[in-house]
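Coordinate analysis (summary)
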Amino acid sequence: MSINATLIGQMITFALLVWFTMKYIWPPLFDSLEERKKKIADGLAAAEKGQEQIILAEKKAKVVLKEAKDQSSEIVTLAQKRANEIVEESKHTAKQEGERLILAAKGQIDQELQQAKEGLRKEITTLALSAAQQILGAEIDKAKHQDILNKVSSQLG
Amino acid sequence: MATEAHAEGATGYIIHHLTALRVGEGFWSLHLDTLFFSVLLGGVFIWFFKNAADKATAGVPGLAQNFAEMMIEFVDQQVKDTFHGHSKLIAPLALTIFCWVFLFNFMDLFPVDILPGIAGLMGIEYLRVVPSTDLNATFAMSISVFFLIIFYSIKIKGPIGFAKELMFQPFGPWLTPFNLLLKLVEEIAKPISLALRLFGNLYAGELIFILIALLPWYVQPLLSFPWAIFHILIITLQAFIFMVLTIVYLSMAHEDH
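Residues numbered from 1 in each chain as written. Chains lettered and ligands numbered in written order. Predicted model: local features only at pLDDT ≥ 70, side-chain atom pairs only at ≥ 80, totals over all residues.

Scanning chain B from N- to C-terminus turns up nine helices and two strands. The helix and strand sequence of chain B, counted from the amino end, reads α-α-β-β-α-α-α-α-α-α-α. Dimensions of chain B, computed from the C-alpha atoms along their principal axes, are close to 60 × 55 × 35 Å. Within chain B, contacts between residues at least 6 apart in sequence are counted, and of these 66% link residues at least 24 apart. (Helix = DSSP H or I, 4+ residues; strand = E, 2+ residues; numbered from the N terminus. Contact = placed C-beta atoms within 7 Å.)

Residue and element names in this part refer to chain B. Per-residue confidence for chain B gives a mean pLDDT of 87, with 96% of residues at or over 70. Per-element confidence in chain B is highest for helix H5 (residues 90-106), whose mean pLDDT is 93, and lowest for helix H1 (residues 2-5), whose mean pLDDT is 40. Within the model, the stretch residues 1-7 combines pLDDT values under 50 with nine contacts to residues more than four positions away or in other chains. (pLDDT = per-residue confidence, 0-100.)

So, on to helix H3 (residues 32-54) of chain B. Under the 1.5 Å per step criterion, the end-to-end length of H3(B) is 32 Å for 23 residues, consistent within 8% with the ideal 33 Å. Those residues of H3(B) hidden inside the fold are in contact with helix H1 (6-136) of chain A together with strand S2 (30-31), helix H4 (63-82), H5 and helix H7 (135-168) of chain B. (Expected span 1.5 Å × (residues − 1).)

Right, let's talk about the packing of H3(B) against H5(B) for a bit. All names here are of chain B. Remark: H3 packs on H5, axes separated minimally by 9 Å, with the N-to-C direction vectors making an angle of 125°. Compared by their axis directions, H3 and H5 come out oblique. Here H3 runs over H5; the crossing is right-handed. For the pair H3 and H5, contact is made by Ser-38, Leu-41, Gly-42, Val-44 and Phe-45 and by Cys-99, Trp-100, Leu-103 and Phe-104, respectively. Counted by class, the contact of H3 with H5 contains seven nonpolar, two polar and no charged residues. (Axes fitted to C-alpha atoms, helices over the stretch in contact; angles between N-to-C directions. Parallel < 35°, antiparallel > 145°, perpendicular 65-115°, else oblique. Left-handed = near helix turned anticlockwise from the far one by under 90°. Nonpolar A, V, L, I, M, F, W, Y, C, P; charged D, E, K, R; others polar.)

A word on the nonpolar core. Soluble globular proteins tend to pack their nonpolar side chains together in the buried interior. Grouped together as the largest cluster of nonpolar side chains are 60 residues, with contacts concentrated most on Leu29(A), Ala94(B), Ile97(B), Phe98(B), Trp100(B) and Val101(B). Those elements giving two or more residues to this core turn out to be H1 of chain A together with H3, H4, H5, H7, helix H8 (176-214) and helix H9 (220-254) of chain B. The greatest single-element share of this core, amounting to 13 residues, is contributed by H5(B). Sequence-distant contacts of Ile97(B), that is, excluding residues within four places in its chain, are made with Met141(B), Phe242(B), Met243(B) and Thr246(B). (Core = buried A, V, L, I, M, F, W, Y, C linked by C-beta atoms within 7 Å. Buried ≥ 20, exposed ≤ 12 C-beta atoms within 10 Å, placed from the backbone.)

Further remarks concern the environment of Lys155(B). All names here are of chain B. Within the secondary structure layout, Lys-155 lies in helix H7. In this structure Lys-155 comes out as partly exposed when scored by C-beta crowding, with 13 C-beta atoms within 10 Å. For the pair Lys-155 and Phe-74, spaced 81 residues apart in sequence, the C-alpha separation works out to 28 Å.

Right, let's talk about the packing of H8(B) against H9(B) for a bit. Residue and element names in this part refer to chain B. Taken N-terminus to C-terminus, the directions of H8 and H9 make an angle of 170°; their axes are 10 Å apart at the nearest point. By the criterion of interaxial angle, the relationship of H8 to H9 is roughly antiparallel. Contacts from Lys-190, Leu-194, Arg-197, Leu-198, Asn-201, Leu-202, Gly-205, Ile-208, Phe-209, Ile-212 and Ala-213 in H8 reach Gln-220, Leu-223, Ser-224, Trp-227, His-231, Ile-234, Gln-238, Ile-241, Phe-242, Leu-245 and Tyr-249 in H9. By residue class, the composition of the contact of H8 with H9 is 14 nonpolar, six polar and two charged.

This is the structure:
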């Protein structure tokens, strides 16, 4: 149980061990611990932030959804109105077109009537002439009696 | 000691187990077994922690890093609880002390005859495997700590401040010689109590293992098993006490009154 030079050897060993630990072991391990601590804290903070953002986003989504709904109902209303307008418009156009067609038809009818009248006039002239011929028993000079014939036919018109 | 070692019977067995492998005479002799095992165990400590430190990442730690970080956090917590200053030395010092002393003590759990028996086969006559049963090993640490206490006392308080503390506390300037005596005893008691506490516990523990080994083989397990379990507590506790007291002494050295 004697104290001897072993003591000095042990002290040197101890000093070397402490030095080595201080220089090469403690700092990297301690730093990695600190770094991980920071990482975890950051991660937790980020998660919390993310959750807040989710809540915000949900709120925002609700607002957007509501807006969209409003807008769509507005659009539907507008579209209905427009459809009504178009229906009205087309009704109107159709009516006008119909009237126009009726007018055109009437015109045509008038024209045809005129033509028919004209035809009739001519035929009546011929008929009257032939009737007068038969009545008179003699040939009437067409050129001589043109004035009379014209008078009759204009009376027909 | 060499003559005693040749004594026969139980006494011879015990003495043989507690005799160091020694070269040289007088003060300038060395206990080769103590030096060998303490360097070996220091190497184990350094190897393990260096390995973990090299692979240290802030990401998912491996098994070795996990364990090393557990130790680091444990030691760091002890240091933070006691020491309220900034020092790059104290925490690594505490870690080294805890691990080294624990490994010293752990050698105690090897069956008492195994390593000396192997050494005997190789022609080494004496082998004491537990470095902390050598006063040289325990005093080497406690005296180093003592030097650090003196160094930090002077560094923090200044030479004059430290001298004042030695002379004027705790009873004021009128009792200077008495104060000085008291303070010197207090300071010197620190390394002695540190070293002797560890040495005493481990020496006694080893002695009891040796005594158990002297009993008939069918009684040995009944005694050595519970004693070994109990010893697991003791070796950890002694390493812890050495570490904590070192931190306490050094933080006292840092406190300026």
